[in-house]
Amino acid sequence: MPKIICLLAYEGMELLDFSGPQSAFYEALQAKNGSYKLQIVGFSKRIVRCEAGLQIIPSKLIDEIDESHTFIIPGGKGARSLSIKPTQLASLKLLMSKSERVVSICTGVYLTARAGLPPNTNVATHWAFVDDLKKQYPLLNVDPEKIFVQDGKYWSSAGVTSGIDLTLRLIEVDHGTALAHHVAKHLVVYSKRSGSQKQFSNVLDIQKPRSDRMELIMNWIKEHIDEVITVNRLSELVHLSERQCHRLFLKETDMTPAQYVEKYRMQIASELLATTDREIKSIALVVGFETYNGFARAFERSFAVTPAAYRKAFLLKK
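Reading guide: rules and limits
Residues numbered from 1 in each chain as written. Predicted model: local features only at pLDDT ≥ 70, side-chain atom pairs only at ≥ 80, totals over all residues. Heavy atoms only, no water. Pairing = 2+ DSSP bridges. Helix = DSSP H or I, 4+ residues; strand = E, 2+ residues; numbered from the N terminus. Axes fitted to C-alpha atoms, helices over the stretch in contact; angles between N-to-C directions. Parallel < 35°, antiparallel > 145°, perpendicular 65-115°, else oblique. Left-handed = near helix turned anticlockwise from the far one by under 90°. Contact = heavy atoms within 4.5 Å. Nonpolar A, V, L, I, M, F, W, Y, C, P; charged D, E, K, R; others polar. Salt bridge = Lys/Arg side-chain N within 4 Å of Asp/Glu carboxyl O. Buried < 20%, exposed > 50% of the residue type's maximum accessible area, 1.4 Å probe, protein only.

**Q** Sorry, what's going on with the sheet that holds strand β1 (residues 3-8) here?
**A** The strands that make up a sheet pair up through hydrogen bonds in the backbone, lying either parallel or antiparallel. The seven strands lie next to each other as β5-β2-β1-β6-β7-β11-β10, forming an open sheet whose pairing is mixed. The open sheet is flanked by β5 (60-61) and β10 (148-151), the only strands paired with a single partner. Pairing between strand β7 (residues 99-104) and strand β11 (residues 154-157): three bridges, direction parallel. Bridge pairing links V103 to W155 in β11.

**Q** For this particular structure, what's the right way to read the packing of helix α1 (residues 15-31) against helix α7 (residues 177-187)?
**A** What describes two packed helices is the angle between their axes and the distance between those same axes. Following both chains from N to C, one finds α1 and α7 inclined at 120°, their axes separated by 9 Å at the closest point. With respect to α7, the element α1 is oriented oblique. Along this stretch, α1 crosses α7, giving a crossing that reads as right-handed. The residues of α7 that touch α1, namely those facing S23, A24, E27, A28 and A31, are L179, H182, V183, H186 and L187. Of the residues that constitute the contact of α1 with α7, the class distribution is six nonpolar, three polar and one charged.

**Q** What am I meant to see in the pattern of salt bridges here?
**A** Once their charged atoms are close, side chains differing in charge can pair, the charge on each being opposite to the other. For the structure on display, the rule yields four salt bridges. In this structure, the salt-bridge partner of D174 is R101, at a minimum N-O distance of 2.8 Å. Here D174 is found in helix α6 (residues 162-175), whereas its partner R101 is found in strand β7, with 73 residues between them in sequence. One salt bridge in this structure joins R301 and E262, with 2.9 Å as the shortest N-O distance. Highlighted residues: R301 in helix α13 (residues 292-303) and E262 in helix α11 (residues 257-275), separated in sequence by 39 residues. When its relative accessible area of 49% is taken as the criterion, R301 is described as partly exposed.

**Q** Honestly, the pairing of strand β6 (residues 68-73) in this entry has me stumped. Any pointers?
**A** Along a regular strand, successive side chains alternate from one face of the sheet to the other. Counting buried positions along β6 yields six of six residues, so the element is predominantly enclosed. Both β6 and β7 contribute to a ladder of five bridges, which runs parallel. Each bridged residue has a counterpart across the sheet, and for I72 the counterpart in β7 is V103.

**Q** So what exactly am I meant to see when it comes to the environment of L38 here?
**A** Inspection of the secondary structure puts L38 in strand β2 (residues 36-42). For L38, a relative accessible area of 25% gives the class partly exposed. Separated by 270 residues in the primary sequence, L38 and A308 have C-alpha atoms spaced 41 Å apart.

Here it is as structure tokens:
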């Protein structure tokens, strides 16, 4: 019997969160007849507009579904807003309970959380929403690094295209490695992607400084990133004690001065690796490291891959 795959379509969803898994399952079906049955479900049968503007028409009402093996919930602005009503969440929760596997893609986890994920469920989401998800749903265990996470019947992926990685794993579980590898080759993606989603993140992502002192410090760090930077130098710059300087950083960045400086060095290094052919040892010196080994350790702490692997993945070819 084919496994029934229900893909939720709703207003404001991210198209790739929906189409990535759908395409992977469809290719599996083409390669192995009878492996899956795909159904697009919606809260109504009216046209829904994706976040990017494409329109999709659900073929089934969510309340009409009696059987579902795998229920796919894509993310998008619609998932993160309150546009989905309590009655619709109730329908979502019911189909989740009927499904053998519940799969959220990217920020689709906001919807599964609102519908009632069990406390302490391990989940993943897009790196840009990790902190917000933790704040809104503190009873969930949010993994900031993994491409996808399984916790019992609940599966969740990190950002956007990692939904394909997760789907390839589901195909592998259902029908073996050979079919998953065939689908990966057809879609021109890796069967198993190396590294974690940390390699795609902005390690330094803070708001505009709230105080003149912090703005002065940040600008100074930019101009002296190749030098030894100590808390003593920073505190003298703005006429504070080291303890006061430490508190200022925590208040404005949620980081210590040392953490902020290292993350800024790593941000500059990642940009140089991706946009220049400069030797990696030279980049280490440019961002203030006296030895390559120290630089490499710091880089792996931030991105979970080596500088060479990062360059191989992201260098923009001329």
